[in-house]
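Chain and residue survey
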Amino acid sequence: MIPLAPSTTGVRRGRMLAVLLAGQVMASMDGSIVSVAAETMREELNAGGGAIQLIVSGYLLTTGVLLVTCARIGDIVGRRRAFLLGLGWFTGASLLCGLAPDATVLVVARIVQAVGAALLTPQIFSLIQVHWDGAARRRAIGLYSMVLALGVALGQVIGGLVAGADLFGLSWRPIFLINVPLGVLLLAVGPRVLPRSPAAERPRLDLAGVAVLTVAMTALTVPLIFGSDQGWPAWAWISLACGAVLLVAFVRYETRVRDPLLDLAALRPAGVKPGLAACWIIMGCYTVFLLTLTLHLQAALGYSPLRAGLAFVPYALGFGALSLSWSRYPRRLLGALPIAGPIAFAAGAAVLVLLYRDRWDPVGTVPLLLLAGAGHAAGYSPLIARITSLVEPRQASAISALNATGPVLAGVTAVAGLGTVYFAAPSSAEGLLRVVTAVAVLLAIGTACATRAALARRTVKITERRSVQASADGSRG
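Along each chain, residues carry numbers from 1 onward, in the same order as the chain's sequence is written. Reporting of local features is limited, given that this is a predicted model, to residues whose pLDDT is at least 70; pairs of side-chain atoms are given and counted only at 80 or more, and all residues count toward the totals for whole chains, interfaces and linings. Neither water nor hydrogens contribute to the side-chain values; these are computed over all heavy atoms in the structure.

1. Let's talk about a nonpolar patch on the surface
Like-charged residues within 9 Å of one another, or nonpolar side chains (Val, Leu, Ile, Met, Phe, Trp, Tyr) within 5 Å, are grouped into patches, provided each residue has over 30% relative accessible area and no salt bridge. All accessibility values rest on the Shrake-Rupley procedure with a 1.4 Å probe; residue burial counts only the protein chains present in the view. Any carboxyl oxygen of Asp or Glu that lies within 4 Å of a side-chain nitrogen of Lys or Arg is treated as forming a salt bridge with it. Taken together, the side chains of L310, V313, L317 and L370 present a nonpolar region at the surface, about 320 Å² in accessible area. Helix and strand definitions follow DSSP, with helices as H or I runs of at least four residues and strands as E runs of at least two, each counted in order from the N terminus. Along the chain, the position of V313 falls in helix α14 (residues 313-325). In this structure V313 comes out as partly exposed when scored by relative accessible area, which is 37%. Relative accessible area decides the class of each residue, using a 1.4 Å probe on protein chains only: under 20% of the type maximum gives buried, over 50% gives exposed, and in between gives partly exposed.

2. A few points about the side chain of T69
Here T69 is to be found in helix α4 (residues 49-77). Judged by its relative accessible area of 8%, T69 falls in the buried class.

3. Remarks on the packing of aromatic side chains
Stacked, tilted and edge-to-face pairs are distinguished by plane angle, under 30 degrees for stacked and over 60 for edge-to-face with tilted covering the rest, among Phe, Tyr and Trp rings (Trp via its six-membered ring) whose centres lie within 6.5 Å. Under the defined criterion, the tally for this structure stands at ten aromatic pairs. Ring geometry for Y286 against Y315: centres 5.6 Å apart, planes inclined by 25°, an arrangement best described as stacked. With Y286 in helix α12 (residues 272-299) and Y315 in helix α14, the pair connects residues that are 29 residues apart, well separated along the chain. Both residues of the pair, Y286 and Y315, count as buried. By the ring-pair criterion, three or more aromatic residues cluster together here, those being Y286, F289, F312, Y315 and F345.

4. A few points about the confidence of the model for the protein
For every residue, the predictor assigns a confidence score, pLDDT, that lies between 0 and 100. On average, residues of the protein carry a pLDDT of 86, and 91% of them reach 70 or more. The least confident element of the protein, judged by mean pLDDT, is helix α2 (residues 33-36) at 76; the most confident is helix α5 (residues 79-99) at 95. Two residues form a contact once any of their heavy atoms are found within 4.5 Å. Every residue in residues 1-11 scores below 50 in pLDDT, and together they form 28 contacts with partners more than four places removed in sequence or on other chains.

5. Observations concerning the pattern of salt bridges
Throughout the structure, instances matching the rule amount to five salt bridges. In this structure, D30 and R110 form a salt bridge, with 3.8 Å as the shortest nitrogen-oxygen distance. With D30 in the loop between α1 (13-29) and α2 and R110 in helix α6 (residues 103-131), this residue pair connects regions lying 80 residues apart in the sequence. Both residues of the pair, D30 and R110, belong to the buried class. In this structure, R79 and D75 form a salt bridge, with 2.9 Å as the shortest nitrogen-oxygen distance. Each member of the pair, R79 together with D75, is buried. Each of R72, D75 and R79 takes part in a single network of salt bridges with overlapping partners.

6. Details of the nonpolar core
As used in this record, nonpolar core signifies buried Ala, Val, Leu, Ile, Met, Phe, Trp, Tyr and Cys residues forming a set joined through side-chain atoms within 4.5 Å. In this structure, F83, I128, F289, F345 and W360 are the most contacted members of the largest nonpolar core, which totals 109 residues. For this core, the leading source of residues is α12, giving 13 residues. Look past the residues within four positions of I128 in its chain and what remains in contact with it is L17, L20, R137, A140, I141 and Y144. In terms of nonpolar packing, the next biggest core, distinct from the first, is built from 19 residues, A38, C97, W172 and I175 among them.

See below:
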């Protein structure tokens, strides 16, 4: 068990966690809040389709590229300082977005906003890992997981409410401006409740690693985000291939440098790699399920964006209830949750689409959405908590970077691949059925990864017990 950092002593961790999670809510919501108001923006700014696509997707692209680097910056300048700097950057950029006079300024402001999000978000998970332990850490990670996953759905709901209300005659602008008072409040409270980083030797920033990883991530994410809309041209496949080669080169390079950008030693404990893979698969499946079901409700069943967002409330309730309660379950049950969770998620989503894809029943869909949401939480939250307990405090930023970057890549990959499947189908209902079938297969793979992670840790524990017993027997002999 990793002990609490000394700097946590005397700090009211409830307030600390509230500040951290409020920052995560802001960053998560802004990944989806824009999509609801995209059409209104296009009309009022007289923007072309390319500009709107950059406004919506540029945020996700920029954060995905920079998360690993920004997690390492937290080690160098201090996680508290990096969080507050990112929060201030994000808040100022949100104001710029809300005041943007044209599409060009808004595109630039969104990219600047994403830089702030990339700087603040990895520090949140790192600070939780360092300043909480045991049952308290499990509860904190449960809350963090809930905010991380539901921020996307919450963004759609709030975006629909704010854009539809036309507050003060500002149309779409309040979807950005609402970040400003919250950000200012957090900046006022944060320095008082966030502990300073303990004194330690801080590493140098691996600039060569930054360069290689930035190019690799850009080469991977640009075609995943934009390639589908252009019919997967040759440049998209060439970019993906180059990105994959550069990513392999980055991994090999990082094993040889003194101060690596990403400490790959965090992946060595038994069960970490398959566990992370399971978490990434679950989050990717959630992203594409949310997107395609929302599209189906609007395109085929005539729902407004706000009504389509509200349809996910039972899912959010199931996810939230499990996220808040799993840490109190018996230890034997905790070990089974990551394996049973993806199965429950797949079952709830599959039955929902089979029964209600042609006629949405607000009552009949509730238990299935509750099941899918609870399964999502059961598959993700206990597993990521278990993974963090296996690594050293000095590797907190590495796990945080992997935990933040993996779901982004998984999400854009799932949307790119399965989004193409959805739009290629003869009808929205058929496309949704094909997507959920693929999601069920992916979640089965996620279940296998979670099982392998559990078995790996169990094998290590048995080996350790036998080694201790053998040593004891030898000393007695």
